[in-house]
Amino acid sequence: NAGVTQTPKFRILKIGQSMTLQCTQDMNHNYMYWYRQDPGMGLKLIYYSVGAGITDKGEVPNGYNVSRSTTEDFPLRLELAAPSQTSVYFCASSYSSSGAGELFFGEGSRLTVL
Amino acid sequence: AQSVTQLDSQVPVFEEAPVELRCNYSSSVSVYLFWYVQYPNQGLQLLLKYLSGSTLVKGINGFEAEFNKSQTSFHLRKPSVHISDTAEYFCAVSDAETSGSRLTFGEGTQLTVNP
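Residues numbered from 1 in each chain as written. Chains lettered and ligands numbered in written order. Predicted model: local features only at pLDDT ≥ 70, side-chain atom pairs only at ≥ 80, totals over all residues. Heavy atoms only, no water.

**Quick word on the side chain of Arg68(A)**
Residues and elements named next belong to chain A. Worth spelling out the cut-off: In DSSP terms, a helix is any run of H or I states spanning at least four residues, a strand is any run of E spanning at least two, and both are numbered starting from the N terminus. Accessibility here uses a 1.4 Å probe with only protein chains present; expressed as a share of the type maximum, an area under 20% marks a residue as buried, one over 50% as exposed, and anything in between as partly exposed. Counted as positive: Lys and Arg. Counted as negative: Asp and Glu. His and the chain ends are not counted at all. By salt bridge we mean one thing: a side-chain nitrogen of Lys or Arg within 4 Å of a carboxyl oxygen of Asp or Glu. Think of a polar contact as two N or O atoms within 3.5 Å of one another; within protein, one of them needs to be a possible hydrogen donor and the other a possible acceptor, and neighboring residues in sequence only count if both atoms come from side chains. Throughout, a residue-residue contact means that at least one pair of heavy atoms, one from each residue, lies within 4.5 Å.
Structurally, Arg-68 can be placed in the loop between β7 (64-66) and β8 (76-78). Here Arg-68 occupies a buried position and makes no salt bridge, while the nearest side chain of opposite charge, Glu-72, is found at 7.5 Å. Here the side chain of Arg-68 touches His-29 through a polar contact of 3.2 Å, landing on its backbone oxygen. Among the polar contacts made by the side chain of Arg-68, one reaches the main-chain carbonyl oxygen of Thr-71 at a distance of 2.8 Å. Beyond its immediate sequence surroundings of up to four residues, Arg-68 is in contact with Gln-25, His-29, Asn-30, Met-32, Ser-49, Val-50, Gly-51, Ala-52, Gly-53, Thr-55, Asp-73 and Phe-74.

Right under this line is the structure:
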């Protein structure tokens, strides 16, 4: 089982460039999430989706966009990269419609903006 | 809204010693509580969770946690740690009355087990 797959694992961007972080899950989960992890700050929710065609903002959505055209894919778009977006990004998915479900995480994408 | 505070950012211990990683939470509604572990250069994986029932929850790799409602705490313990337990540990809380697992994470505790 592949689980949650994120690409790329590493990327360096220049200020103002754009890119998309890809996330795919093969567990048929309806719920998908994007988090960013900064040292000493834990994980902050950027965007989430409760199913294909439905997305919503999390705690730190500014500077990002998402789409959910299929159950499997949940890409995260950075339109104008800024140094403040240097972080490790994690995609996760969940099967549960309640807050009790386990989140399954990808291995992360480390992004540096210079 | 919920919040989580992990009281120690770093915990160094020697191999085979006991360890406790402390977590306090704040919420105006009933909650579910979780501990996740992150090994170096990997994603997070679930260690254990409290949903309801017995306040002592057992997880993988010999870890356990106790839910204390009066203290609003969910501390993680292991009686004897191994070098392989070196990792970052995250406490997390979710609203038991909201659909979707929108977790709020603590800042993390780096556990380092020394020989």
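**A short note on the pairing of strand β4 (residues 23-26) of chain B**
All names here are of chain B. Here is the rule: Note: two strands are recorded as paired if DSSP finds a minimum of 2 bridges between them.
Residues Cys-23 and Tyr-25 of β4 are buried on one face, while the alternating residues Asn-24 and Ser-26, pointing to the opposite face, are not. Examined bridge by bridge, strand β1 (residues 3-6) and β4 share four bridges and lie antiparallel to one another. Across the sheet, the residue bridging to Gln-6 is Cys-23, located in β4.

**A short note on the nonpolar core**
Put simply, the rule reads: Residues belong to one nonpolar core when they are buried, are Ala, Val, Leu, Ile, Met, Phe, Trp, Tyr or Cys, and are joined through side-chain atoms within 4.5 Å.
By size, the foremost hydrophobic cluster in this structure holds 28 residues, and its most contacted members are Leu33(B), Trp35(B), Leu47(B), Leu48(B), Phe74(B), Leu76(B) and Tyr89(B). The contact partners of Leu33(B), leaving out residues within four places of it in the chain, are Tyr25(B), Leu48(B), Lys49(B), Tyr50(B), Phe67(B), Phe74(B), Ala92(B) and Val93(B). By size, the runner-up hydrophobic cluster in this structure holds 21 residues, among which are Tyr31(A), Tyr36(B), Leu44(B) and Phe90(B).

**Some thoughts on the packing of aromatic side chains**
Rules: The aromatic pairing rule takes the rings of Phe, Tyr and Trp, using the six-membered ring of Trp, and pairs them if the centres are within 6.5 Å, calling planes under 30 degrees apart stacked, those over 60 edge-to-face and the rest tilted.
For the coordinates displayed, the defined rule picks out 14 aromatic pairs over all chains. Measuring from centroid to centroid gives 6.4 Å for Tyr33(A) and Tyr48(A), while their planes differ by 25 degrees, and the two rings are stacked. A residue pair is termed long-range when its members are at least 10 positions apart, and Tyr33(A) in strand β4 (residues 31-37) and Tyr48(A) in strand β5 (residues 43-51) qualify at 15 residues. The class for Tyr33(A) is buried, based on a relative accessible area of 1%. Between Phe63(B) and Tyr89(B), the aromatic rings sit 5.5 Å apart at their centres with planes inclined by 45 degrees, giving tilted as the arrangement. Linking Phe63(B) in the loop between β7 (56-58) and β8 (64-68) with Tyr89(B) in strand β10 (residues 87-95), this pair joins segments that are 26 residues apart in sequence. For the residue pair Phe63(B) and Tyr89(B), the accessibility class agrees, reading buried in each case.

**Focus: the sheet that holds β8(A)**
Residue and element names in this part refer to chain A. Under the convention used in this document: Convention adopted: a line fitted to C-alpha atoms gives each axis, helices being fitted over their contacting stretch, and angles between N-to-C directions are expressed from 0 to 180 degrees.
Taken in spatial order, the four strands of this open sheet run β1-β3-β8-β7, and their pairing is antiparallel. What marks the edges here is a single partner per strand, and that holds for β1 (4-7) and β7. Direction aside, the axes of adjacent strands within the sheet are offset by 20 degrees on average. In terms of strand pairing, strand β3 (residues 19-25) meets β8 through three bridges, oriented antiparallel. In the sheet register, Leu-21 faces β8, and the bridge partner there is Leu-76.

**Here we look at unusual backbone geometry**
The amide bond that connects Thr7(A) to the next residue, Pro8(A), takes the cis arrangement and shows omega of -5 degrees. Relative to the elements of secondary structure, Pro8(A) occurs in the loop between β1 and β2 (10-13). With a phi close to 75 degrees, Glu16(B) is a non-glycine residue in the positive phi region. Its relative accessible area of 61% is what places Glu16(B) among the exposed residues. Of note, the phi angle at Thr72(B) is positive, near 45 degrees, even though the residue is not glycine. Within the secondary structure, Thr72(B) is located in the loop between β8 and β9 (73-78).

Spatial relationships are all this shows, so hold off on functional conclusions.
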